[in-house]
Amino acid sequence: MKKITIAIDGHSSCGKSTMAKDLARKLGYVYIDTGAMYRAVTLYAIEHNLIKEEVDVEGLRSQMENVNISFLFNEATGRPDTYLNGTRVEDRIRTMEVSSKVSLIAAIDFVRTAMVAQQQEMGNGGGVVMDGRDIGTTVFPNAELKIFVTASAEVRAKRRYDELTAKGEVCNLQEILENVQERDRLDSTRAVSPLRKADDAIVLDNSELTIEQQNEWLMEKAVSVINN
Ligand code: DC
């Protein structure tokens, strides 16, 4: 069976990674969460005092070659964990602190250049489901299947709130909604590789869909491309 490249882009917290992971598992493909990579760079910057009010761009540039990101499949959870310089950072990259700073890091040109090059290498050869903001437009413009996922900001904030609360993090729904809206704005208006639907991407608004319904929808799309 042919191994295709599947690009899943869209707004933050709209369930892209849930559907991408599920699809990759069912197809036996590799799943790559590119948001986790920008989050890991952000964690590195926070831990090395490279973000105060603003990012110390030159400081980060000089240390960029020390930032090594990798993924290791976790048998227990059935999905890959993110590692920063050999340390598992899967939980630490999902905190509100990282979420509130990551758009600043993701807007820096040399960070994007480094991440895109790594993503292209990881996905080289197909058999990959990659989720992010610029996969169908910049990383794999020739991907055989491109999906652009969205949902209302309120629905997305509630999903993130439930996720964080389930992990025991104390959080505030209004604050999360503002973070989601601010990230939409920053992601869509940044100069380098802004969030944009690829012309040939299929749009999925999952505001009213259950996880099972969206997974099923995506599987159908993938199978029809693979079989053609
Ligand atoms: O999908 P996420 O919320 O984990 O992504 C974290 C941030 O990284 C988000 O604010 C946008 C940015 N990002 C990006 O600019 N390009 C990507 N390919 C993936 C994520």
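Scroll up to find the structure this text is about.
All values derive from a computational prediction rather than experimental measurement.

Caption draft 1: Looking closely at the sheet that holds strand E3 (residues 69-74). Spatial strand order, E3-E4-E5: three strands in an open sheet with antiparallel pairing. In this open sheet, the two edge strands, each paired with only one partner strand, are E3 and strand E5 (87-88). Inspection of the sheet shows strand E4 (residues 79-84) paired to E5 by two bridges, in the antiparallel sense. Paired with Leu-84 across the two strands is Thr-87, which belongs to E5.

Caption draft 2: Inspection of the environment of Ala-24 at higher detail. Here Ala-24 lies in helix H1 (residues 16-27). Since its relative accessible area comes to 2%, Ala-24 is described here as buried. Distance from Ala-24 to Val-139, taken between C-alpha atoms, is 18 Å for residues 115 residues apart in sequence. Contacts of Ala-24, omitting those with residues within four sequence positions, involve Tyr-29, Val-30, Tyr-31 and Val-129.

Caption draft 3: Representation of the site of the ligand within the structure. By nearness alone, 14 residues border the ligand, and Thr-34, Arg-39, Arg-112, Asp-134 and Arg-190 come closest of all. Residue Thr-34 places a side-chain N or O atom 3.0 Å away from a nitrogen atom belonging to the ligand. For the ligand, an oxygen atom lies 3.4 Å from a polar atom in the side chain of Asp-187. Protein chains bury 97% of the 450 Å² of accessible surface belonging to the ligand in isolation. Of all the elements in the fold, those that place two or more residues in the shell around the ligand are helix H2 (34-47), helix H4 (96-106) and helix H8 (173-189). No other element matches H2, which puts four residues into the shell around the ligand. Class assignment of the residues belonging to the shell around the ligand gives a composition of three nonpolar, four polar and seven charged.

Caption draft 4: Local environment of the pairing of strand E7 (residues 145-150). Counting buried residues in E7 gives six out of six residues, a clear majority hidden from the surface. With burial as the criterion, each face of E7 is covered, one bearing Leu-145, Ile-147 and Val-149 and the other bearing Lys-146, Phe-148 and Thr-150. Relative to E7, strand E1 (residues 5-10) runs parallel, the two being bridged by five bridges. Within E7, the position partnered with Ala-7 by the bridge is Lys-146.

Caption draft 5: A look at the sheet that holds strand E6 (residues 128-132). Judged by pairing direction, the sheet is parallel, and its five strands sit side by side in the order E2-E6-E1-E7-E8 without closing on themselves. With partners counted over all chains shown, the strands left at the sheet margins are strand E2 (30-33) and strand E8 (202-205), one partner each. The sheet shows a mean angle of 20° between the axes of neighbouring strands, direction not considered. Alignment of E2 against E6, held across four bridges, turns out to be parallel. Paired with Tyr-31 across the strands is Val-129, a residue of E6. Its contacts with the sheet put H2 on E2 and E6, and the angle it makes with E2 is roughly 40°.

Caption draft 6: Region of the structure containing the pattern of salt bridges. Going through the model one piece at a time under the given rule, you end up with 15 salt bridges. Here Arg-61 makes a salt bridge to Glu-58, at a shortest N to O gap of 3.0 Å. Taken together, the residues Arg-61 and Glu-58, both in helix H3 (residues 57-63) and three residues apart, mark about one turn of the helix. Residue Arg-61 is classed as partly exposed on the basis of its relative accessible area, which comes to 41%. Of the charged contacts, one joins Arg-94 and Glu-90 as a salt bridge, the two residues approaching to 2.9 Å between their closest N and O atoms. Accessibility assignment for this pair places Arg-94 and Glu-90 in one class, buried. Within this structure, Asp-22, Arg-25 and Lys-26 form a network of salt bridges that share partners.

Caption draft 7: Broad picture of the pairing of E6. Across the five residues that make up E6, a large majority, five, are buried. Relative to E6, E1 runs parallel, the two being bridged by five bridges. Bridge pairing links Ala-7 to Met-130 in E6.

Cut-off values and rules
- Residues numbered from 1 in each chain as written.
- Predicted model: local features only at pLDDT ≥ 70, side-chain atom pairs only at ≥ 80, totals over all residues.
- Heavy atoms only, no water.
- Pairing = 2+ DSSP bridges.
- Helix = DSSP H or I, 4+ residues; strand = E, 2+ residues; numbered from the N terminus.
- Buried < 20%, exposed > 50% of the residue type's maximum accessible area, 1.4 Å probe, protein only.
- Contact = heavy atoms within 4.5 Å.
- Near = heavy atom within 4 Å.
- Polar contact = N/O pair within 3.5 Å; in protein donor to acceptor, adjacent residues only side chain to side chain.
- Areas by Shrake-Rupley, 256 points an atom, 1.4 Å probe, with all protein chains shown as cover.
- Nonpolar A, V, L, I, M, F, W, Y, C, P; charged D, E, K, R; others polar.
- Axes fitted to C-alpha atoms, helices over the stretch in contact; angles between N-to-C directions.
- Salt bridge = Lys/Arg side-chain N within 4 Å of Asp/Glu carboxyl O.

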